[in-house]
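Spelled out from the first residue to the last, the chains are:
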Amino acid sequence: MDFTFLWQALVTMLVTLDPLGLAPIFISLTAGMTSAERRGVAIRACLIALAILTFFGLGGQFLLDALGIGLPAFRIAGGLLLFYIAFEMTFELRAKRKQESARSAITQDHIRHLAAFPLAIPLLAGPGAITATILLAGRAQENPANAIGLAFVIMLGVASCFVTFLAAERVARWLGVMGNIVLTRLLGVILAALAIQFVIDGIVAVLP
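Residues numbered from 1 in each chain as written. Predicted model: local features only at pLDDT ≥ 70, side-chain atom pairs only at ≥ 80, totals over all residues. Heavy atoms only, no water.

## Quick look at the packing of aromatic side chains
Both the distance between ring centres and the angle between the ring planes are used here to describe each pair of aromatic rings. The criterion, for reference: The criterion for an aromatic pair is that two Phe, Tyr or Trp rings (for Trp, the six-membered ring) have centres within 6.5 Å, with stacked assigned to planes under 30 degrees apart, edge-to-face to planes over 60 apart and tilted to the rest. Where helices and strands are cited, they refer to DSSP runs of H or I of at least four residues and of E of at least two residues respectively, numbered from the N terminus. Relative accessibility thresholds used throughout: buried, under 20% of the residue-type maximum; exposed, over 50%; partly exposed, between the two (1.4 Å probe, protein chains only).
Summed over the entire model, instances satisfying the criterion amount to 2 aromatic pairs. An angle of 10 degrees between the planes, with centres 4.4 Å apart, marks the rings of Phe26 and Phe165 as stacked. Note that Phe26 is positioned in helix α2 (residues 19-29) and Phe165 in helix α7 (residues 144-206), a separation of 139 residues in sequence. For the residue pair Phe26 and Phe165, the accessibility class agrees, reading buried in each case. Considering the side-chain rings of Phe55 and Phe56, the 5.4 Å spacing of their centres and the 80 degrees angle between planes classify their relative orientation as edge-to-face.

Pasting the structure below:
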């Protein structure tokens, strides 16, 4: 087993996943949820992201080549979808829950959707993390021990995001209602800029 490769893989995954950078976004996206609901979102998002990264590690490049889809397309599509979420965050356009019975149903549905998008993809398993996984898997193919080690590295990277999400709950309680509102608006603008950067990166990648 090549420990130099595994160390490089770990650093690469932590940089592309960026757990600390996702923490404030997680706080904003889960504003108004209970501690149990936040934890449910974190678990679902991390499991979905782990499944996506594992899938692309095993055969992502083959699938993309077979379908004729390039990673720049992931960047552009992810950026556009992420911008929509950022727009909602900035202008408080989330649907209001009027009845307690309806609120419970909507919340459970909202938790499932929020965990898949935008947390799992494109924030956790985004173009950068997917690209890194495919490239690292290509380097590890010739050594089964490195491939197994890479799988553990991916799990460790996703686990670090989960721990960061759980710690974000305390930060949200410390900020209070007004602090969360201000942070949501601010991060909505930052998230919009990140989304536009995704689109720009995708366009630049396909330019001759």
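## Remarks on the state of the cysteines
Note the threshold: In what follows, a disulfide is any cysteine sulfur pair within 2.5 Å.
Scanning all chains against the criterion turns up 0 disulfides. The structure places no disulfide on Cys46, whose sulfur is separated from the nearest cysteine sulfur, that of Cys161, by 6.0 Å. Residue classification places Cys46 among the buried residues on the basis of a relative accessible area of 6%. Classification of Cys161 by relative accessible area gives buried; the value is 0%.

## Some remarks on the confidence of the model for the protein chain
The condition that has to hold: A residue's pLDDT is the confidence the predictor assigns to it, expressed on a 0 to 100 scale. The contact criterion used throughout is that any non-hydrogen atoms of two residues lie within 4.5 Å.
Of all residues in the protein chain, 88% have pLDDT values of 70 or greater, and the mean over the chain is 80. In this model, residues 94-106 is a region of pLDDT below 50 whose contacts with residues beyond four sequence positions or in other chains number 10 contacts.

## Observations concerning the nonpolar core
Stated precisely, the cut-off is as follows: In plain words, nonpolar cores are sets of buried Ala, Val, Leu, Ile, Met, Phe, Trp, Tyr and Cys residues tied together by side-chain atoms within 4.5 Å.
Ranked by size, the top nonpolar core spans 51 residues in total, and within it Met13, Leu53, Leu119, Leu123, Leu124 and Phe165 carry the most contacts. Elements with a minimum of two residues in this core: α1 (3-17), α2, α3 (35-67), α4 (71-91), α5 (100-124), α6 (127-140) and α7. Here this core gets 11 residues from one element, more than from any other, and that element is α7. Apart from residues no more than four positions distant in its own chain, Leu124 is found in contact with Leu17, Leu22, Ala45, Cys46, Ala49, Leu119, Ala129, Cys161 and Phe165.

## Details of α2
Residues spaced three or four apart along an α-helix face the same direction, because each turn holds 3.6 residues. Counted residue by residue, α2 has 8 buried out of 11 residues, so it is predominantly covered. All of the buried residues in α2 are Pro19, Leu22, Ala23, Ile25, Phe26, Ile27, Ser28 and Leu29.

## Looking at unusual backbone geometry
A cis geometry characterises the amide bond from Phe117 onward to Pro118, with omega recorded as 10 degrees. Tracing the backbone through its elements, the reader meets Pro118 in helix α5. Here the amide bond leading from Ile121 into Pro122 is cis, since omega sits at 15 degrees, within 30 degrees of zero. A positive phi angle, near 50 degrees, is found at Asp18, a position not held by glycine.

## A closer look at the packing of α3 against α6
Packed helices, taken two at a time, are described by the angle between their axes plus the distance between the axes. For clarity, the cut-off: Every axis in this analysis is a line fitted to C-alpha atoms, fitted for helices over the stretch in contact. Angles between the N-to-C directions lie between 0 and 180 degrees. Note that the term roughly parallel is reserved for angles under 35 degrees, roughly antiparallel for angles over 145, roughly perpendicular for angles of 65 to 115, and oblique for everything else. Three categories are distinguished: nonpolar for Ala, Val, Leu, Ile, Met, Phe, Trp, Tyr, Cys and Pro, charged for Asp, Glu, Lys and Arg, and polar for the others, with Gly belonging to the last.
Close contact between α3 and α6 brings their axes to 8 Å; oriented N to C, the two are set at 75 degrees. If you check the angle between α3 and α6, you find them roughly perpendicular. Residues Ile52, Leu53, Phe56, Gly57, Gly60, Gln61 and Leu64 of α3 pack against Ala129, Ile130, Thr133, Ile134 and Ala137 of α6. Partitioned by chemical class, the residues of the contact of α3 with α6 number 8 nonpolar, 4 polar and no charged.

## Notes on the environment of Thr34
One can find Thr34 in the loop between α2 and α3. Exposure remark for Thr34: the relative accessible area of 40% places this residue in the partly exposed category. Through-space distance from the C-alpha of Thr34 to that of Glu169 is 9.3 Å; in sequence the pair is 135 residues apart.

## Some words on the side chain of Thr131
Mapped onto the fold, Thr131 is located in helix α6. By relative accessible area, Thr131 is classed as buried at 18%. When sequence neighbours within four positions are dropped, the list of residues in contact with Thr131 reads Leu71 and Arg75.

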